[in-house]
Amino acid sequence: MPSYAELSELLDPATTVLLTVECQQGVVGADSALPELAEEARDSGALANVARLVTAAHDSGVQVIHAIAERRPDGRGANRNARLFRAAARLPVQQLSGTEAVCVAAPIDVAEEDLVVRRLHGLSPIQGTDVDPLLRNLGCRTLVITGVSANVAVPNAVFDAVNRGYTAVVPSDAIAGVPSDYTPAMIRNTLALVATVATTDEVLDGFRRPRRVRRA
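Analysis parameters
- Residues numbered from 1 in each chain as written.
- Predicted model: local features only at pLDDT ≥ 70, side-chain atom pairs only at ≥ 80, totals over all residues.
- Heavy atoms only, no water.
- Helix = DSSP H or I, 4+ residues; strand = E, 2+ residues; numbered from the N terminus.
- Rg over C-alpha atoms; globule rule 2.2 N^0.38 Å.
- Buried < 20%, exposed > 50% of the residue type's maximum accessible area, 1.4 Å probe, protein only.
- Right-handed = clockwise from strand over helix to strand, strands pointing away.
- Pairing = 2+ DSSP bridges.
- Contact = heavy atoms within 4.5 Å.
- Axes fitted to C-alpha atoms, helices over the stretch in contact; angles between N-to-C directions.
- Parallel < 35°, antiparallel > 145°, perpendicular 65-115°, else oblique.
- Nonpolar A, V, L, I, M, F, W, Y, C, P; charged D, E, K, R; others polar.
- Core = buried A, V, L, I, M, F, W, Y, C linked by side-chain atoms within 4.5 Å.
- Expected span 1.5 Å × (residues − 1).

## Description of the overall build of the protein chain
Of the regular secondary structure elements, the protein chain holds nine helices and seven strands. Against the globule reference of 17 Å for 216 residues, the protein chain gives a C-alpha radius of gyration of 17 Å, in line with a compact fold. Over its C-alpha atoms, taken along the principal directions, the protein chain stretches across nearly 60 × 35 × 30 Å. Across the 216 residues that make up the protein chain, the buried fraction comes to 49%.

Right, here's the structure in full:
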């Protein structure tokens with residue numbers, strides 16, 4: 001785990017963005033297309049921790065981006081080149097554009113200044129979406145990545161962030177995947193090699209910690 005001083009330097013609100021990944025009603029809400037994942041996100045406390053981080057980001061001036069995965073009712077532009085996509089197309093709850101399923105799920109609060117980025121294709125909230133240019137225009141250097149799933153979208157986001165030159169911070173208790181023992185294994189064996197891993201409380205402390213004044 002990083003020291004408080006190290007994490008505080010990484011989490012300067014002027015250069016930090018908080019990304020929530022697929023924290024939408026049709027994924028982690030009560031009527032999820034993936035009930036096992038939704039249950040894990042709630043029961044593990046990950047969804048509640050995402051909400052805490054979002055609230056703290058609003059209070060501290062950290063920009064929030066919500067990354068949403070959706071599809072058109074006619075499926076145009078959607079991937080069909082993997083079993084995951086074909087299975088998702090048969091689920092009883094569809095992540096259709098303009099429906100409740102693609103709204104950010106409670107208890108996460110969406111503020112007026114938040115950015116919501118929607119994608120119709122792929123596995124990553126960054127690759128091939130507006131997220132990267134938005135991060136650059138925002139002056140982002142550190143990207144805090146939260147949400148679901150630790151199986152697919154979150155690792156994609158971490159790798160894409162690192163490949164694009166951002167420092168990735170992963171609050172280990174604010175991401176979820178299935179089965180429940182998969183997330184800590186993914187963090188320990190993969191994400192910890194390329195991202196700064198911390199807890200939600202440590203990130204919250206980093207948001208609140210006073211910054212050193214740099215003298216000319």
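Next comes the rest of the account.
## Here's the deal with the pairing of strand β5 (residues 167-171)
Most of β5 sits inside the fold, with four of its five residues counted as buried. Taken together, strand β4 (residues 142-148), helix α7 (residues 153-163) and β5 constitute a β-α-β crossover, and its handedness is right-handed. Of the pairings in the sheet, the one linking β5 to strand β7 (residues 196-198) comprises three bridges and is parallel in character. Among the inter-strand pairings, P171 is bridged to a residue of β7, identified as A198.

## So, the pairing of strand β2 (residues 63-69)
With respect to burial, β2 is a largely interior element, seven of its seven residues being buried. Both faces of β2 are covered, namely the face carrying Q63, I65, A67 and A69 and the face carrying V64, H66 and I68. Pairing of β2 with strand β3 (residues 115-119) involves five bridges; the strand directions are parallel. Among the inter-strand pairings, A69 is bridged to a residue of β3, identified as R119.

## Comments concerning the side chain of H58
Counting through the fold element by element, H58 comes out in helix α4 (residues 46-60). Among the residues examined, H58 registers a relative accessible area of 19% and is labelled buried. Beyond its immediate chain neighbours, meaning those up to four positions away, H58 contacts V64, D109, A111, E113 and D114.

## Here we look at the packing of α4 against helix α9 (residues 200-208)
Two elements in contact, α4 and α9, have axes whose closest approach is 10 Å; the angle formed by their N-to-C orientations is 5°. Relative to α9, the element α4 is oriented roughly parallel. Every residue of α9 that contacts α4 at N49, R52, L53, A56, A57 and S60 is listed here: T200, D201, V203, L204 and F207. Tallied by class, residues from the contact of α4 with α9 come to six nonpolar, three polar and two charged.

## Some points on the nonpolar core
Side chains of a nonpolar character, in soluble globular proteins, are inclined to be buried together. Formed by 32 residues in total, the largest nonpolar core has its most connected members in L18, I108 and F207. Counting residues per element, the ones that place at least two in this core are α2 (25-28), α3 (35-43), α4, β2, β4 and α9. Tallying contributions element by element places α4 first for this core, with eight residues. Grouped together as the second largest cluster of nonpolar side chains are 27 residues, V117, C140, I145 and V170 included.

## Considerations on unusual backbone geometry
Residues A106 and P107 are joined by a peptide bond in cis, for which omega reads 5°. Following V178, the chain continues to P179 via a peptide bond in cis, the omega torsion being -5°. Along the polypeptide, P179 turns up in the loop between β6 (175-176) and α8 (182-194). We note that E22 has phi near 55°; this positive angle belongs to a residue other than glycine. Along the polypeptide, E22 turns up in the loop between β1 (16-21) and α2. Of the residues examined, E22 reaches a relative accessible area of 13% and is grouped as buried.

## A few points about α4
Compared with an ideal rise of 1.5 Å per residue, which puts 15 residues at 21 Å, α4 spans 21 Å between its outermost C-alpha atoms and is within 8% of the ideal. Listing the buried residues of α4 in full gives A46, L47, N49, V50, A51, L53, V54, A56, A57 and H58. Backbone geometry just after α4 places G61 at a positive phi near 85°.

## Looking at the environment of T190
By secondary structure assignment, the location of T190 is in helix α8. Classification of T190 by relative accessible area gives partly exposed; the value is 25%. Excluding residues that lie within four positions of it along the chain, T190 makes contacts with F159 and A185.

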